[in-house]
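Tertiary structure, described
For reference, the chains in residue letters:
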Amino acid sequence: MEGVPSQTDIHYIPFLRDEIVLVTSAKNDSPESITKEQLKTLKFVVREEGSGTYNIIQRQLSAAGMSINELNQQIVIGSTEGIKQYLKHSNCHALVSVFSIQDELACGLLKIIDIDDLEISRTLYAIHKQGTIDPYAELLLRFCESRNRKSKHKI
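None of the values given here were measured: they were computed from a predicted structure. Every chain is numbered independently, its residues counted from 1 as its sequence is written. Local features in this predicted model are restricted to residues of pLDDT 70 or higher, and side-chain atom pairs are both shown and tallied only at a pLDDT of 80 or more, whereas totals for entire chains, interfaces and linings draw on every residue. Hydrogens are left out, water is left out, and the side-chain values use all remaining heavy atoms of the structure.

Moving on, we get to the overall build of the protein. When its secondary structure is counted, the protein shows 5 helices and 7 strands. Counting from the N terminus, the helices are DSSP H or I runs at least four residues long and the strands are E runs at least two residues long. Of the regular secondary structure in the protein, the N- to C-terminal order runs β-β-α-β-α-β-α-β-α-β-β-α. For the C-alpha atoms alone, the extent of the protein along its principal axes is close to 50 × 35 × 30 Å. The buried label goes to any residue with under 20% of its type's maximum accessible area, the exposed label to any with over 50%, and the partly exposed label to all in between, with areas taken from a 1.4 Å probe on protein chains only. Within the protein, the proportion of its 155 residues that are buried is 39%. Nonlocal contacts in the protein, meaning residues at least 24 apart in sequence, comprise 81% of its contacts between residues at least 6 apart. A total accessible area of about 9200 Å² is found for the protein, and carbon and sulfur atoms account for 50% of it. A residue counts as positive if it is Lys or Arg and as negative if it is Asp or Glu; His and the chain ends are not included. Charged side chains are reduced to one point each, which is NZ for Lys, CZ for Arg, CG for Asp and CD for Glu. Here the protein holds 18 positive side-chain charges and 20 negative ones, and the gap between their average locations is 4 Å. What makes two residues a contact is simply this: any of their non-hydrogen atoms within 4.5 Å. Computed with the Shrake-Rupley method and a 1.4 Å probe, the accessible areas treat only the protein chains shown as cover for residues.

This next bit is on the pairing of strand β4 (residues 72-76). Criterion used throughout: strands pair if DSSP finds at least two bridges between them. Sheet analysis places strand β3 (residues 43-46) next to β4, joined by 4 bridges and oriented parallel. Pairing of Val45 across the sheet is with Ile75, part of β4. Handedness of a crossover is defined as follows: with both strands directed away from the viewer, a clockwise route from the first strand across the helix to the second makes it right-handed. Where the polypeptide runs from β3 across helix α2 (residues 52-63) and back to β4, its parallel neighbour, the crossover connection is right-handed.

With that out of the way, let us pick up a negative patch on the surface. A surface patch of negative charge is lined by Glu32, Asp114, Asp116 and Asp117. As for its placement among the helices and strands, Asp116 is situated in the loop between β6 (110-115) and β7 (120-129). When its relative accessible area of 36% is taken as the criterion, Asp116 is described as partly exposed. Residues enter a patch when their relative accessible area is above 30% and they make no salt bridge; the linking distance is 9 Å between like charges and 5 Å between nonpolar side chains (Val, Leu, Ile, Met, Phe, Trp, Tyr). Only one rule defines a salt bridge in this text: a Lys or Arg side-chain nitrogen within 4 Å of an Asp or Glu carboxyl oxygen.

What follows is the structure in structure tokens.
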């Protein structure tokens, strides 16, 4: 789960630090890094308002002195998978979770463009009802935590 822990009957366990990165098709002639000002000149495909990813991007752009409305939004798509498919065949860019594009990066279909002086990240939480955790859920959490320790994106 993403977002700010808010329900008192739920136990939130910080699980994973996720980075939201700027991506485009590997076919596009794009520099390896850009400035925040150059970000405003790119064509964008974005998630729908109200999605967790949209809210994180909106908040962190605002903290960096930008409005999400300053992005040149070409199309709104309701899923990360849809955005990735669109990017493969367009000259647009998107801000997506680095974890969601691992296969596309490995296959050379998408590429990351660094944004100077801007990092967009979020904490993902494992959650369960307050009290004793189900033994199977605990086993799953331990497995995932051991995998997380091997990742460079751990918290």
